[in-house]
Amino acid sequence: MAKKRKYRPESLMMSHGYKPELSEGAVKCPIFQTSTFGFKTAEEGKAFFEVAYGKRDLRPKEETGLIYSRINNPDLEILENRLCLWDEAEDGAVFESGMAAISTTVLELLQPGDLLLHSEPLYGGTDHFFKNVLKKYGINTVGFMPDQSKEEILRVIESTGMAGKLAMIYVESPANPTNDLFDLEMCAALAQTYSRRNGRKVITAIDNTFLGPVFSHPLKHGFDLVLYSATKYIGGHSDVIAGACVGSAVLMKRIKSFRSIMGTMASPNTGWLLMRSLETLKMRMTTQAENAAVVARWLSKHPKVEKVYYPGLLKAGSPQHRIFRRQCLGPGAMISFDVKGGMKKAFKVLNSLQLVKLAVSLGSTESLAEHPYTMTHFPVDEALKQKMSITPKMIRLSVGVEHPEDIIADVAQALDRA
Ligand code: PLP
């Protein structure tokens, strides 16, 4: 008998998990625009609820039943199965926004008194959630920097006086907007050390929005959970807000139960839109990354550009470059750069763009540019922004699928005007 071929994720994005015979033979998964699902019998409804609420596991050959679209829906389940393929995850959950994915996951896994260790910088919304909202629930947070060694991070944890309560290590890598990389294997080893010491598993979670799911697979580097703003590359067309989390079946079961209670699941329409987007994910991300490489090289030689923040330009042999070589499959398509002359000049560049849109968000087919200091990272503490080089002269550019020479021509004329 011929050996069953293991297809690559991009080959399965059009079909995986969908059975046309259950939908009148439709080749594409329809939008299951329904809030509720009919049970064949009351006994069947009872059995579905027993499994959904974790009272018992599925019996052999038994399948999870559809109940109510806050609990499950075919558009979400099929999408989750497809997302898992990229990260080789056991299970996944989709949410109505990236922030819903992050907040639901963190609130489910942490409790009052716990300590959350996180990388700096963080996307502004995450920064606000960690430093302001979690405090209200008695959850403590402490940050560490990209250039800190394992020993220095250990000292950061110990200096809180709450090392015995360390419950989660959360990183954003590459960090938004500086593209700083964090050593995932080192973080996973730290989590193991404290899991042994504290007698409780310290969970590792990463925001993989910038490079995932095509160019970075953190589960392979010992991480437990991978989070996404699916609004970005996964959605890819600036027409949907969504989020995702993938990881082990044990953790995802808890996160999905909490999602049902919080009501932070994605809608059937969002699920359908993301399935459509996943079909072209690899193509889009590959083209965007190719374009970004050309644009970043050009920017790095421009006389009005002071510095370019982009993983593809890291100095060979530097600590950041070693991390890049170990854990990234490509540099992605996010570039930040400092314009000589500060905010006035940076604003002039942004105001002069014609093809590239002046807007926050990223990962879409069209190129987008924004000013992190006054926009996406507005809520971040001023001293921290300065320390992390998020200054008034920085512009963040999300490179799209346009012709790279057209992107360069637009940025060139904007820089000329500054
Ligand atoms: N994580 C990163 C790295 C982001 O850039 C964003 C949004 O810009 C988020 C999370 C939040 O995602 P959403 O806007 O989908 O809630």
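Residues numbered from 1 in each chain as written. Predicted model: local features only at pLDDT ≥ 70, side-chain atom pairs only at ≥ 80, totals over all residues. Heavy atoms only, no water.

## Some points on the side chain of Thr-178
The condition that has to hold: Put simply, DSSP marks the helices as runs of H or I at least four residues long and the strands as runs of E at least two long, and each gets a number from the N terminus on. Buried means the residue's accessible area, taken with a 1.4 Å probe over protein chains only, is under 20% of the maximum for its type, while exposed means over 50%, and partly exposed covers the values in between. Here, two residues are considered to be in contact whenever any of their heavy atoms come within 4.5 Å of each other.
Along the chain, the position of Thr-178 falls in the loop between β4 (166-172) and α7 (184-198). Thr-178 gets classed as buried once you look at its relative accessible area, which sits at 5%. With residues up to four places along the chain from it excluded, the contact list for Thr-178 reads Pro-121, Tyr-309, Met-388, Ile-390 and Met-394.

## So, the pattern of salt bridges
If the charged atoms of two oppositely charged side chains come close together, the side chains can form a pair. Basically, it comes down to this: We count a salt bridge whenever a side-chain nitrogen from Lys or Arg sits within 4 Å of a carboxyl oxygen from Asp or Glu.
A full pass over the atoms with the stated rule returns 22 salt bridges. For Arg-200, the salt bridge is made with Asp-114, and the minimal N-O distance between the two is 2.8 Å. Here Arg-200 is found in the loop between α7 and β5 (203-207), whereas its partner Asp-114 is found in the loop between α4 (98-109) and β2 (115-119), with 86 residues between them in sequence. Taking the relative accessible area as the measure of exposure, Arg-200 reaches 30% and is therefore partly exposed. Across the pair Asp-127 and Lys-131 runs a salt bridge whose closest N-O atoms are separated by 2.6 Å.

## Examining the site of the ligand
Selection criterion: Nearness of a residue to a molecule or strand requires only that one of the residue's heavy atoms be within 4 Å of it. Any pair of N or O atoms that falls within 3.5 Å is considered a polar contact. Within protein, one atom must be able to donate a hydrogen and the other to accept it, and sequence-neighbouring residues count only if both atoms are side-chain atoms.
For the ligand, the set of nearby residues contains 14 residues, the closest of which are Met-99, Asp-207, Ser-229, Thr-231 and Lys-232. Ser-229 places a polar side-chain atom, nitrogen or oxygen, 2.8 Å from an oxygen atom of the ligand. At a separation of 2.7 Å, an oxygen atom of the ligand approaches a polar side-chain atom of Lys-232. The element best represented in the shell around the ligand is α4, accounting for three residues.

## A short note on a nonpolar patch on the surface
Our working rule: Exposure above 30% relative accessible area and the lack of any salt bridge qualify a residue for a patch; like charges then connect within 9 Å, and the nonpolar side chains Val, Leu, Ile, Met, Phe, Trp and Tyr within 5 Å. The accessible surface values rely on the Shrake-Rupley method and a 1.4 Å probe; as for residues, cover is taken only from the protein chains in view.
Taken together, the side chains of Phe-39, Phe-49, Tyr-53 and Ile-261 present a nonpolar region at the surface, about 430 Å² in accessible area. Its location among the elements puts Phe-49 in helix α2 (residues 42-52).

## Considerations on helix α3 (residues 74-87)
Residues lying three or four places apart along an α-helix face the same way, a consequence of the helix completing one turn every 3.6 residues. Put simply, the rule is: Take the number of residues in a helix, subtract one, and multiply by 1.5 Å to get its expected span.
The first and last C-alpha atoms of α3 sit 21 Å apart over 14 residues, in line with the 20 Å expected at 1.5 Å per residue. Along α3, 11 of the 14 residues are buried, which leaves the element largely enclosed by surrounding structure. Residues of α3 that are buried: Pro-74, Asp-75, Leu-76, Ile-78, Leu-79, Glu-80, Arg-82, Leu-83, Cys-84, Trp-86 and Asp-87. For α3, the N-terminal cap is Asn-73; the gap from its side-chain oxygen to the backbone nitrogen of Asp-75 is 2.8 Å. Glu-88 sits one or two positions beyond α3 and adopts a positive phi of about 50 degrees.

## Points about the sheet that holds strand β7 (residues 243-247)
Let me state the cut-off plainly: Being paired, for any two strands, means DSSP has found at least two bridges between them. Axes here mean lines fitted to C-alpha atoms, for a helix over just the part in contact, with angles spanning 0 to 180 degrees between N-to-C directions.
Spatially, the seven strands line up as an open sheet ordered β1-β7-β6-β5-β4-β2-β3, and their pairing is mixed. Strands at the two margins of the open sheet, each flanked by one partner only, are β1 (91-95) and β3 (140-144). For this sheet, the mean inter-axis angle between neighbouring strands, taken without regard to orientation, is 20 degrees. By the bridge criterion, five bridges tie strand β6 (residues 225-229) to β7 in an arrangement that is antiparallel. Along β7, the bridge assignment pairs Leu-225 with Gly-247. Each of β2, β3 and β4 touches helix α6 (residues 150-159); the most contacted strand, β2, lies at about 145 degrees to it.

## Here we look at the sheet that holds strand β8 (residues 305-309)
Taken in spatial order, the five strands line up as β8-β9-β12-β11-β10 in an open sheet, and their pairing is mixed. Looking at which strands have only one partner, the edges of the open sheet turn out to be β8 and β10 (357-358). Where β10 lies against strand β11 (residues 368-370), two bridges are found, and the strand directions are parallel. If you follow Lys-357 over to β11, its bridge partner there is Leu-368.

Worth remembering: the numbers are spatial, not functional.
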